[in-house]
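# A look at the structure
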Amino acid sequence: MPYVMVQIPKTPAPSSPAPRPVPTSADVARLAGVSRATVSYVLNNTSAVRISEPTRRRVHEAAKELGYVPHAAARSLRAGHSRMVLMPAPTFPVGPLYSQFISELQWELGRLDYTVVQYGSVGLHGDEAARAWAELRPVAVLVPGAGALGPQGVTVLKRSGARAVVTLGPESVDGAHALLMDHQAVGHCAGAHLHDRGRRRIGVVVPEEDGLEAFSLPRLAGVRGAAEDTEATVTELPLAYEEESAARLAARWRELDLDAVFAYNDEYAMLLMRALQDAGVRIPEDTAVIGADDLMLGRLLRPRLSTVHIELPSGRDLAELVDRAVRNPGAAPETHKVLGATVVHRDSS
């Protein structure tokens, strides 16, 4: 069989368009008709130099048209530190109240020209986590929860350039600013309320989810403190945040012989209250129920849920503490007691 060789001409590969150069502050200055210094003053929100509003508007419009954003590393070099505030992602399930607090804090820090970065440090703890945080060279670190940081970790962070380390938990850490959150007071409020309502056999829900022990155990201790030197008894009730777990607990409620329960927070209270009602337990006639956090959903239940209203520190106050510490890193660490607790009495108790 004869073979015929055919030569197929090569077609040149389509050339990809040349990448557009990254816009610079000089480009913004040319388009806006101002100096590079003016661009820097405007985009860095420098308050020491007065810039007219029309000029500010021209600079912002030029930057938007060119797609220009300031170089964070270069700005950090000029300032001598970054504007990054690092927040390790919580290792515990966060509820609506804490989420709202974090959102407010991030907004207030942004208003002060800080960039908030949440760091997921799964599997890292204590000083090992602090070394991982330090690699990012934050100007400040806000550490939620108990036992997440020790004095050595504070030293590591400060040596890496962190001007402020702030902990949010039940105890202070040497070298760090501290917002002390007394969760025992939350439990004491709930226990005292139930006792005042004539309840003497009080159950306390302790969530089985990992990471909540720093909150649930102090709350349990608070209820026990309220019942101390009274005829009331306190029973610990482990409960997972699952309908099946709540149904199992409700099924043995009558043998537990409890006439009241502090359910850790509103979410666990709503979970347990539904299961108790399904099991034929009347609320509040057979069992009084109280939660904590004062969520809107608790007011919509029938019966309406009694709760402990918790006052977290304001996002503005904490942001100003961070800013104060960044500006004056040599100042002595501040300690503030926060987390006010008051009972909101409704139909369920």
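The rules behind the values
- Residues numbered from 1 in each chain as written.
- Predicted model: local features only at pLDDT ≥ 70, side-chain atom pairs only at ≥ 80, totals over all residues.
- Heavy atoms only, no water.
- Buried < 20%, exposed > 50% of the residue type's maximum accessible area, 1.4 Å probe, protein only.
- Helix = DSSP H or I, 4+ residues; strand = E, 2+ residues; numbered from the N terminus.
- Arc of directions from axis to C-beta.
- Contact = heavy atoms within 4.5 Å.
- Pairing = 2+ DSSP bridges.
- Axes fitted to C-alpha atoms, helices over the stretch in contact; angles between N-to-C directions.
- Salt bridge = Lys/Arg side-chain N within 4 Å of Asp/Glu carboxyl O.

### Some details on helix α10 (residues 243-251)
Of all the positions in α10, only S245, A246, L249 and A250 are classed as buried. What you see down the axis of α10 is that its buried residues fit within an arc of 135 degrees, all on one side. What points out from α10, more than 90 degrees from its buried face, is the exposed set E243, R248 and A251. Each element contacted by the buried residues of α10 is listed here: β7 (233-239), α11 (253-256) and α12 (266-278).

### Details of the sheet that holds strand β3 (residues 140-144)
Pairing is parallel across the open sheet formed by six strands, whose spatial order is β2-β1-β3-β4-β5-β11. Of all the strands in the sheet, the pair left with one neighbour each is β2 (115-119) and β11 (335-338). The average angle at which neighbouring strand axes cross in this sheet is 15 degrees, direction not considered. Bridge count for strand β4 (residues 164-169) against strand β5 (residues 177-181) is four bridges, and the pairing is parallel. The residue of β5 that forms the bridge with G169 is L180.

### Examining the pattern of salt bridges
According to the stated counting rule, one finds 14 salt bridges in the structure shown. Here R304 makes a salt bridge to D347, at a shortest N to O gap of 3.7 Å. Remark: D347 occurs in the segment after β12 (340-344) and R304 occurs in the loop between α13 (296-300) and β10 (307-311); sequence separation between them is 43 residues. Its salt-bridge partner being D323, residue R327 comes within 2.9 Å of it at the nearest N-O pair. With R327 and D323 both in helix α14 (residues 315-327), this residue pair falls four residues apart, about one helical turn. Taking the relative accessible area as the measure of exposure, D323 reaches 10% and is therefore buried.

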